Amino acid sequence: MRKQIFYLSLFLSLFGTTVTAQGQLSGCYFLWTLNKNVDCSISLFNDGRYSVELDEQVSEDWILSMVLSQGFYSIEDKTITLKDDNFGFEIQLERPYTKSVLAERGFVLFKGKTFIYQQDSGEADFWEESRIDSISLKKERETYLQQHKALYPLHFGTYESERNKINNRGERGEGNDYELTLQADHRYTLHYKRIPLLQGSWQRNGNELQLYDESLRHTFYLLIGEEGLISKSLPGEYLGIVLKIRDFLI
């Protein structure tokens, strides 16, 4: 009986410490003006969930937000680990001061940047609408590779998404401005509105293009098609947009 009480007390002590730490850390942290009117925010919620978003000030009364990552976070000493719930990669932050967090590992745009506390994080009401099914996406890729065994051409150069075009699922996009540059030496960079998101090495598997990001240590996928590259899925992109070649590299 004493052992049960001891274990229960230990659990409540550890759980209570975690909740208190998350409560003290919760809030919205901002990295201002990445590109003209685009900011990046990290929202840490009291219940242990988080969201990383790019926020574009389209007009005085309209902010367009794009979720780059969401999931749960944990705290150990001054290190905050964000575990993405869709893809499984991790983002690591340090808390050198009370009102800021320093990015140690994450998207390219994070490198060495400090996010400043701005406001309370509120509720995580974005959760359900942003979730994607990574297992279904994997099955879609596998089915596509089986149905398209003849290789489509893959060019070195810069690909871009088309604004307000119909994607391969019959849905109209919202003008996500992605630019992907493939180099002949198997290096690549991915930008969103000229803001660097991913960087690393690429390789081809049949009609599948694999983008390995060296900072996140995670692989993202596109399908190679007759019209261009189909997202399966790029960070913040859940509709399957098509990127078409714009500039060829000689």
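Enquirer: Please provide a residue-by-residue account of helix 3 (residues 134-147), values included.
Expert: Across its 14 residues, helix 3 extends 20 Å between first and last C-alpha, which sits within 8% of the 20 Å expected from 1.5 Å per residue. Those residues of helix 3 not exposed but buried are L137, R141 and Y144. Buried positions in helix 3, seen along its axis, are confined to an arc of 65 degrees and lie on one side of it. Opposite the packed face of helix 3, turned more than 90 degrees from it, sit the exposed residues I135, K139, Q146 and Q147. For helix 3, the secondary structure elements touched by its buried residues are strand 13 (208-213), strand 14 (218-224) and strand 15 (229-231).

Enquirer: I'd like a rundown of the pattern of salt bridges, residues and numbers included.
Expert: Going through the model one piece at a time under the given rule, you end up with 11 salt bridges. Note that E179 and R246 form a salt bridge whose closest N and O atoms lie 2.9 Å from each other. One end of the pair, E179, is in strand 10 (residues 178-182); the other, R246, is in strand 16 (residues 242-248), with 67 residues separating them in the sequence. Here E179 falls in the partly exposed class, since its relative accessible area comes to 22%. R246 gets classed as partly exposed once you look at its relative accessible area, which sits at 35%.

Enquirer: Hey, could you go over unusual backbone geometry for me, with residue numbers and the actual values?
Expert: The amide bond that connects K232 to the next residue, S233, takes the cis arrangement and shows omega of 10 degrees. Positive phi outside glycine occurs at D77, with the angle close to 55 degrees. In this fold, D77 is placed in the loop between strand 4 (62-76) and strand 5 (79-84). Relative accessible area serves as the criterion here: at 75%, D77 is assigned to the exposed category.

Enquirer: I'd like to hear about the sheet that holds strand 3 (residues 49-59), residue by residue, with values.
Expert: Adjacent strands of a sheet pair through backbone hydrogen bonds, lying either parallel or antiparallel. Reading around the barrel, the eight strands line up as 1-2-3-4-5-6-7-8 and close back on themselves, with antiparallel pairing between neighbours. Neighbour to neighbour, the strand axes of the sheet diverge by 35 degrees on average, direction disregarded. As paired strands, strand 2 (residues 38-44) and strand 3 are joined by seven bridges and run antiparallel to one another. Each residue of the ladder has a partner; that of S41, found in strand 3, is E53.

Enquirer: Help me get a handle on the side chain of E208, residues and values and all.
Expert: Mapped onto the elements of the fold, E208 is located in strand 13. Take E208: its relative accessible area is 5%, and that puts it in the buried class. Looking at E208, its side chain comes within polar contact range of the side chain of R141, at 2.9 Å. Ignoring any residue separated from it by four or fewer positions in sequence, one finds E208 in contact with R141, L145, Q203, Y221, L222 and I224.

Enquirer: Which residues make up the confidence of the model for the protein, and what are the values?
Expert: With 80% of its residues at a pLDDT of 70 or more, the protein shows a mean pLDDT of 83. Taken element by element, the protein is modelled with least confidence in helix 1 (residues 2-25), mean pLDDT 43, and with most confidence in strand 13, mean pLDDT 97. With pLDDT under 50 throughout, residues 1-20 is counted as low confidence; its partners more than four residues away or in other chains account for zero contacts. This model gives residues 166-175 a pLDDT under 50, and the stretch forms 27 contacts once residues within four places in sequence are excluded.

Enquirer: Go over the sheet that holds strand 9 (residues 157-161) with me, naming the residues and quoting the values.
Expert: Sheet architecture is closed into a barrel: eight strands sit in the order 9-10-11-12-13-14-15-16, paired in antiparallel fashion. If you compare each strand with its neighbour and ignore which way they point, the axes differ by 35 degrees on average. Running over the sheet, helix 3 touches strand 12 (195-205), strand 13, strand 14 and strand 15 and is turned about 40 degrees from strand 14.

Enquirer: Could you give an account of the packing of aromatic side chains, naming the residues involved and the relevant values?
Expert: With the rule as written, the count across this model stands at 10 aromatic pairs. Aromatic side chains F89 and F220 sit 6.1 Å apart centroid to centroid with 55 degrees between the ring planes, which places their arrangement in the tilted category. Of the two residues, F89 is situated in the loop between strand 5 and strand 6 (90-94) and F220 in strand 14; the sequence distance between them amounts to 131 residues. Here the two residues F89 and F220 agree in accessibility, since each one is buried. Each member of the aromatic cluster is reached from another via a ring pair, and the members are F87, F89, F107, F110, F115 and F220.

Enquirer: Summarise the environment of E53; cite the residues concerned and give the values.
Expert: For E53, the location among the structural elements is in strand 3. Between the C-alpha atoms of E53 and S65, which are 12 residues apart in sequence, the distance is 6.3 Å. With sequence-adjacent residues up to four places away left out, E53 is seen in contact with D39, C40, S41, S65, M66, V67 and L68. Side-chain polar atoms of E53 contact the side chain of S51, separated by 3.1 Å.

About the criteria used
Residues numbered from 1 in each chain as written. Predicted model: local features only at pLDDT ≥ 70, side-chain atom pairs only at ≥ 80, totals over all residues. Heavy atoms only, no water. Helix = DSSP H or I, 4+ residues; strand = E, 2+ residues; numbered from the N terminus. Expected span 1.5 Å × (residues − 1). Buried < 20%, exposed > 50% of the residue type's maximum accessible area, 1.4 Å probe, protein only. Arc of directions from axis to C-beta. Contact = heavy atoms within 4.5 Å. Salt bridge = Lys/Arg side-chain N within 4 Å of Asp/Glu carboxyl O. Pairing = 2+ DSSP bridges. Axes fitted to C-alpha atoms, helices over the stretch in contact; angles between N-to-C directions. Polar contact = N/O pair within 3.5 Å; in protein donor to acceptor, adjacent residues only side chain to side chain. pLDDT = per-residue confidence, 0-100. Phe/Tyr/Trp six-rings, centres within 6.5 Å; stacked < 30°, edge-to-face > 60°.

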